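Remarks on the overall topology
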Amino acid sequence: MRRTATRDVVLGDQTIAKGDKVVLWYLSANRDETVFDQANEFVLGRPNARRHMAFGAGIHRCIGARLADLQIRILWAEILKRFSRIEVLQPPTRTYSTFINGYTELRVRIPSA
């Protein structure tokens, strides 16, 4: 997702000169503190969660986004029916990527009662 600037431009407070290489980092869009309160926190009840960029936007919006939303809603509803508590045992290990913002590992314990 790299582009080369075809002319000088100012974006925010950054000057991009003609010929400069510009890289789009998707994961940083979902951590924009001007859009999301507690941008670096995992907040299940985030009121503006649909503003995240996981499924793209505009003409590049993923057609499976609604299905994925439904699947995750059903998954959590079923998990929460079965288990009253899920304890996170240690901080998650994040996936090292400039393309996706994900987890490689998240250790949890589900108490039996």
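The structure displayed is predicted, hence computed values, not measured ones.

Describing the overall build of the protein chain
Scanning the protein chain from terminus to terminus reveals two helices and eight strands. Put simply, the protein chain has 113 residues, and 10% of those count as buried. Pairs at least 24 residues apart make up 20% of the contacts formed inside the protein chain by residues separated by at least 6 positions. Accessible area for the protein chain stands at about 9,700 Å²; split by element, carbon and sulfur atoms hold 58% of it.

Notes on the side chain of Arg46
Residue placement: Arg46 occurs in the loop between helix 1 (26-29) and helix 2 (65-82). Lacking a salt bridge, the buried Arg46 has Asp37 as its closest oppositely charged neighbour, with an N-O distance of 6.9 Å. Among the polar contacts listed, one links the side chain of Arg46 to the backbone oxygen of Asp37, at a separation of 2.5 Å. Sequence-distant contacts of Arg46, defined by excluding residues within four places in its chain, comprise Phe36, Asp37, Gln38 and Glu41.

Some thoughts on unusual backbone geometry
Unusually for a residue other than glycine, Gln38 sits at a positive phi of about 50°. Take Gln38: it is sitting in the loop between helix 1 and helix 2. Using a relative accessible area of 53% as the deciding quantity, one classes Gln38 as exposed.

Focus: the environment of Asp37
Structurally, Asp37 is set in the loop between helix 1 and helix 2. Between the C-alpha atoms of Asp37 and Asn48, which are 11 residues apart in sequence, the distance is 9.4 Å.

Structural notes on the environment of Gly102
Following the sequence through the fold, Gly102 ends up in the loop between strand 6 (93-94) and strand 7 (103-105). Between the C-alpha atoms of Gly102 and Pro92, which are 10 residues apart in sequence, the distance is 9.7 Å. Ignoring sequence-local partners within four residues, the contact set of Gly102 consists of Arg94 and Thr95.

Considerations on the environment of Gln90
Along the chain, Gln90 turns up in the loop between strand 5 (87-88) and strand 6. Placed 15 residues apart in sequence, Gln90 and Glu105 show a C-alpha to C-alpha distance of 9.8 Å. Filtering out sequence-adjacent residues up to four positions away, Gln90 remains in contact with Glu105, Leu106 and Arg107.

Section: the pattern of salt bridges
In the structure shown here, the tally under the stated rule is six salt bridges. Glu78 is the partner of Arg82 in a salt bridge, and the nearest nitrogen-oxygen pair spans 2.7 Å. Of this pair, Arg82 and Glu78 both sit in helix 2, four residues apart, roughly one helical turn. Overall, Arg82 belongs to the exposed group, its relative accessible area being 56%. Under the relative-accessibility criterion, Glu78 is labelled partly exposed at 28%.

Calculation criteria
Residues numbered from 1 in each chain as written. Predicted model: local features only at pLDDT ≥ 70, side-chain atom pairs only at ≥ 80, totals over all residues. Heavy atoms only, no water. Helix = DSSP H or I, 4+ residues; strand = E, 2+ residues; numbered from the N terminus. Buried < 20%, exposed > 50% of the residue type's maximum accessible area, 1.4 Å probe, protein only. Contact = heavy atoms within 4.5 Å. Areas by Shrake-Rupley, 256 points an atom, 1.4 Å probe, with all protein chains shown as cover. Lys, Arg positive; Asp, Glu negative; His and termini not counted. Salt bridge = Lys/Arg side-chain N within 4 Å of Asp/Glu carboxyl O. Polar contact = N/O pair within 3.5 Å; in protein donor to acceptor, adjacent residues only side chain to side chain.

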